[in-house]
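# A structural walkthrough
The lines below spell out each chain.
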Amino acid sequence: FAENADPITRFAYGDIWTAISVTMIVINTVIIGIETQFETAHHLKKALHREGNGGAPGNWDDTAFGVIELMFLVWMVFEVMVNLYSQKQRFWRGKDWSWNMF
């Protein structure tokens, strides 16, 4: 990118933006793992209870995880929009075009 690029473009090509993006991906991955663990444990307890091998499970309320997932979705859409803005046609035709399409 050119040194006379606008502030958003300069920021999007910087190390801080990359660090924030990678950190958000890692945190999202951890949250998905935690949610999967809780949900699997709940459904396992339900199945065991149906077969008479355990006490009644509590209610599974995934509202908090739904809100967290929505926040990550908003972040990821924002991230794509910033990258699309800063890379312009390189977003579709640059060296990372296949990753961007993914």
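Relevant structure appears above.
Model, not experiment: these values are computed from the prediction.

Turning to the packing of aromatic side chains, a few remarks are in order. Using the criterion set out here, one finds six aromatic pairs in the structure. Ring geometry for Phe11 and Trp17: centres 5.8 Å apart, planes at 65°, overall edge-to-face. A residue is classified by how much of its surface remains accessible, and Phe11, at 39% relative accessible area, is partly exposed. Accessibility expressed as a relative area gives 5% for Trp17, which makes it buried. Pairing Trp17 with Phe78 gives two aromatic rings, centres 6.1 Å apart and planes at 70°, and the pair type is edge-to-face. Remark: Phe78 occurs in helix 3 (residues 63-87) and Trp17 occurs in helix 2 (residues 15-50); sequence separation between them is 61 residues. Owing to a relative accessible area of 43%, Phe78 belongs among the partly exposed residues under this scheme. Three or more aromatic residues joined by ring pairs make a cluster, and in this case those are Phe11, Trp17, Trp75 and Phe78. One Lys or Arg, Lys88, reaches over the ring of Tyr85 and ends 4.1 Å from the middle of that ring.

Positive phi is not limited to glycine here, since Lys88 has a value of about 50°. As for its placement among the helices and strands, Lys88 is situated in the loop between helix 3 and helix 4 (90-93). Overall, Lys88 belongs to the partly exposed group, its relative accessible area being 46%.

Attention now goes to the packing of helix 2 against helix 3. At a minimum axis separation of 11 Å, helix 2 and helix 3 run at an interaxial angle of 155°. Relative to helix 3, the element helix 2 lies roughly antiparallel. Where helix 2 crosses over helix 3, the handedness of that crossing is left-handed. Residue-level inspection shows Trp17, Ile20, Ser21, Met24, Ile27, Asn28, Ile31, Ile34, Glu35 and Phe38 of helix 2 in contact with helix 3, the latter providing Phe65, Ile68, Glu69, Phe72, Trp75, Met76, Phe78, Glu79, Val82 and Asn83.

About the criteria used
- Residues numbered from 1 in each chain as written.
- Predicted model: local features only at pLDDT ≥ 70, side-chain atom pairs only at ≥ 80, totals over all residues.
- Heavy atoms only, no water.
- Phe/Tyr/Trp six-rings, centres within 6.5 Å; stacked < 30°, edge-to-face > 60°.
- Buried < 20%, exposed > 50% of the residue type's maximum accessible area, 1.4 Å probe, protein only.
- Helix = DSSP H or I, 4+ residues; strand = E, 2+ residues; numbered from the N terminus.
- Lys NZ or Arg CZ within 6 Å of the ring centre and 35° of its normal.
- Axes fitted to C-alpha atoms, helices over the stretch in contact; angles between N-to-C directions.
- Parallel < 35°, antiparallel > 145°, perpendicular 65-115°, else oblique.
- Left-handed = near helix turned anticlockwise from the far one by under 90°.
- Contact = heavy atoms within 4.5 Å.

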